[in-house]
Amino acid sequence: MLRRLLQFIVIYAVIAIAVSAVFLGVDRVCSGTYKPDASDVFRDGETPLKLISLRNGCACVLGYYTEGANAGTMYYKVYDQNGTPVARQDFYVADTQVKLSSLLPTEDGFRIVCLCTPWDQTQNAYGAVFSVDGKWQLAETEFYRDGGNEEYRGNFDRFTAADNTGDYYAGIEGGNVTLFGKDGGIALRLPADLLSRVEDVAVFGDTVLLAGVDTESILGNNFRYALCAAYSLGGSFRWQKSLMDNDGTCSALLRAETGDDGFLLTGRSVADSSEGWHSTSRIDGFIADDDPYRFHIGPDAAAENASTLFIVKLSASGDVTGSAVYTPEGNEYVPSVMQYDFLSESSPLVLSTYHAEKERAKNYGVTVLRADRSLNIAAAHTLTISGDTVFYLTQDITGSGFFFYLSRSGSGQYKLLHFTSMSDAVNHMETVKKLRRISDYNAVLRQKVPALIVLGFTAMLCVSGAARYRGRQKKK
């Protein structure tokens, strides 16, 4: 009887050790994907907004707090390639809503470009640039205001970096543009005489490019097609160019970037049999289409009026030096531009789509496409992400590797990962997808360990009792 009891204990222990070893291995992979470094504390409902790579090989996550006394305050965190946080800083402007426009890497740090809207609605919205030095500390903050005059109210709708170096910034108010130097001084004002609505501004050399849509009149608020207009830094008009202005098409420029040989423009167009003018409110739909994190739900989702993405390269003189058009096939969404990296020699342009079979699916897919300098798709990969995971990615400084930022909703678990190639990233995420079921089961199992121990000992006692009973029956 004692021997059988010992055998049962040994078997039970071997099974428990084997199962524990499997669970530990699975947890090691999953926790390495989601569990943050011990020094990386989750605070006040952190919500990421943007992930960028920095020139020294690190990455920056910028977001805001949603809970507690810090709700609405913004933060940035800098990580090295091992996912270890090396800096963290909160920032805000008193009595003001701060909205992120862009993150601009510099030689030894980065700049955070924001639109500031005072809670006191009698005050104008203005721009702010928070500079972060090479030690990841806030070095200075520059504010960009236009006091306005008879033609300009100086109440910005958007505020953006106008080049890749931080020498120029632009405050946009409808079709009016105020161009600032990096010291906050006004370099140029341009009126809304050619464009109904300006979406972005870019400076290349001594050429200032305004990108948006055409206008029916100086006072008009309607448009038909994409338009860009170029001026000198002195304010003299140089040229204008319409894009995607074919009959039966409605289009708009959404972004303007300064490239190494001119400008890179991206926009959206949609087939439209109407020959009339459209309200500028329609541009909001184009902007929604260009959201890198927009989901395409289900294989049978309607594709009616799905927009086309177009990318055009222009020289400083207005000549088209390259173009690409990505049209929807069936009910698929066209990729949106996630990142343009003018430093990358191999794949400076990153595009993406998010897609799921249904709302709140267990998994969703992210298709990442990289285009070369000729705007040709050089590589395409699809990642499978767990449905409870918020996912961000950015190309690293090498142009071949990627940073991933993964956050499990409602768990306070998040992690920054670095991969030297997209193939490695795909393999890792596929492995995590397979192991997540075991990991989640293990989490449930841990909660039931006391009950399992009791059941185990109960089973041993039952076996012992049964053996003792059979021994007595044999003696009789």
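The coordinates are above.
Model, not experiment: these values are computed from the prediction.

Caption draft 1: Structural context of the overall build of the chain. When helices and strands are tallied, the chain shows four helices and 30 strands. By residue count, 48% of the 476 residues in the chain fall in the buried class. Surface exposure of the chain reaches about 23000 Å², of which carbon and sulfur atoms provide 52%.

Caption draft 2: Looking closely at the pairing of strand 14 (residues 207-214). Within strand 14, eight of the eight residues are buried, which leaves it mostly tucked inside the rest of the structure. With eight bridges connecting them, strand 13 (residues 195-204) and strand 14 associate as antiparallel partners. Pairing of F204 across the sheet is with T207, part of strand 14. Between strand 13 and strand 14, which pair antiparallel in sequence order, lie two residues; one of them, G205, sits at a positive phi of approximately 60 degrees.

Caption draft 3: Layout of the sheet that holds strand 23 (residues 320-326). Strands sit in the order 18-19-22-23 across an open sheet of four strands; the sheet is antiparallel. Both outer strands of the open sheet, strand 18 (249-258) and strand 23, are each paired with one neighbouring strand and no more. On average, each strand axis in the sheet is tilted by 20 degrees relative to the strand beside it, whichever way the strands run.

Caption draft 4: Summary view of the pattern of salt bridges. Scanning the entire structure with this criterion turns up 15 salt bridges. Linking E107 and R55 is a salt bridge whose minimum nitrogen-to-oxygen distance equals 2.7 Å. Remark: R55 occurs in the loop between strand 1 (47-53) and strand 2 (59-64) and E107 occurs in the loop between strand 5 (96-105) and strand 6 (110-118); sequence separation between them is 52 residues. Judged by its relative accessible area of 64%, E107 is exposed. Ionic pairing is found between D290 and R268, a salt bridge with its closest N-O pair at 3.2 Å. Within this pair, whereas D290 is found in the loop between helix 2 (283-289) and strand 21 (295-297), its partner R268 is found in strand 19 (residues 263-271), the two being separated by 22 residues in sequence. In terms of burial, D290 and R268 fall into one category: buried. Among the charged side chains, a salt-bridge network with shared partners connects D40, E46, K77 and R88.

Caption draft 5: Layout of the packing of aromatic side chains. This model, assessed by the stated rule, comprises 24 aromatic pairs. Pairing Y405 with Y414 gives two aromatic rings, centres 6.2 Å apart and planes at 35 degrees, and the pair type is tilted. Residues Y405 and Y414 agree in their burial class; the two are buried. Site record: aromatic cluster; members linked through ring pairs are Y76, F91, F110, F130 and W136. The ring of Y75 is capped by R88, whose NZ or CZ atom sits 5.8 Å from the centre of that ring. Its end group placed over the ring of W277, R224 keeps NZ or CZ at 5.9 Å from the ring centre.

Caption draft 6: Local environment of the side chain of T394. As for its position among the elements, T394 is in strand 28 (residues 389-395). For T394, a relative accessible area of 4% gives the class buried. Within polar-contact distance, the side chain of T394 engages the side chain of Q339 at 3.1 Å. Discounting chain neighbours no more than four positions away, the residues touching T394 are L51, I52, S53, Q339, G401, F402 and F403.

Caption draft 7: Main features of the sheet that holds strand 14. Taking strand neighbours across the sheet as the criterion, the four strands line up as 13-14-16-17 in an open arrangement whose pairing is antiparallel. This sheet does not close on itself; its edge strands, each paired only once, are strand 13 and strand 17 (237-243). Neighbour-to-neighbour, the strand axes of the sheet open up by a mean angle of 20 degrees, direction not taken into account. In this structure, strand 16 (residues 226-232) lies alongside strand 17, joined through six bridges in antiparallel fashion.

Caption draft 8: Summary view of the environment of M422. Take M422: it is sitting in helix 3 (residues 422-447). For M422 and A379, which are 43 residues apart along the polypeptide, the C-alpha to C-alpha distance reads 9.4 Å. Residues in contact with M422, not counting those within four places in the same chain, are V368, R370, H381, L383, L393, S400, F402 and F404.

Thresholds, definitions, all that
- Residues numbered from 1 in each chain as written.
- Predicted model: local features only at pLDDT ≥ 70, side-chain atom pairs only at ≥ 80, totals over all residues.
- Heavy atoms only, no water.
- Helix = DSSP H or I, 4+ residues; strand = E, 2+ residues; numbered from the N terminus.
- Buried < 20%, exposed > 50% of the residue type's maximum accessible area, 1.4 Å probe, protein only.
- Areas by Shrake-Rupley, 256 points an atom, 1.4 Å probe, with all protein chains shown as cover.
- Pairing = 2+ DSSP bridges.
- Axes fitted to C-alpha atoms, helices over the stretch in contact; angles between N-to-C directions.
- Salt bridge = Lys/Arg side-chain N within 4 Å of Asp/Glu carboxyl O.
- Phe/Tyr/Trp six-rings, centres within 6.5 Å; stacked < 30°, edge-to-face > 60°.
- Lys NZ or Arg CZ within 6 Å of the ring centre and 35° of its normal.
- Polar contact = N/O pair within 3.5 Å; in protein donor to acceptor, adjacent residues only side chain to side chain.
- Contact = heavy atoms within 4.5 Å.

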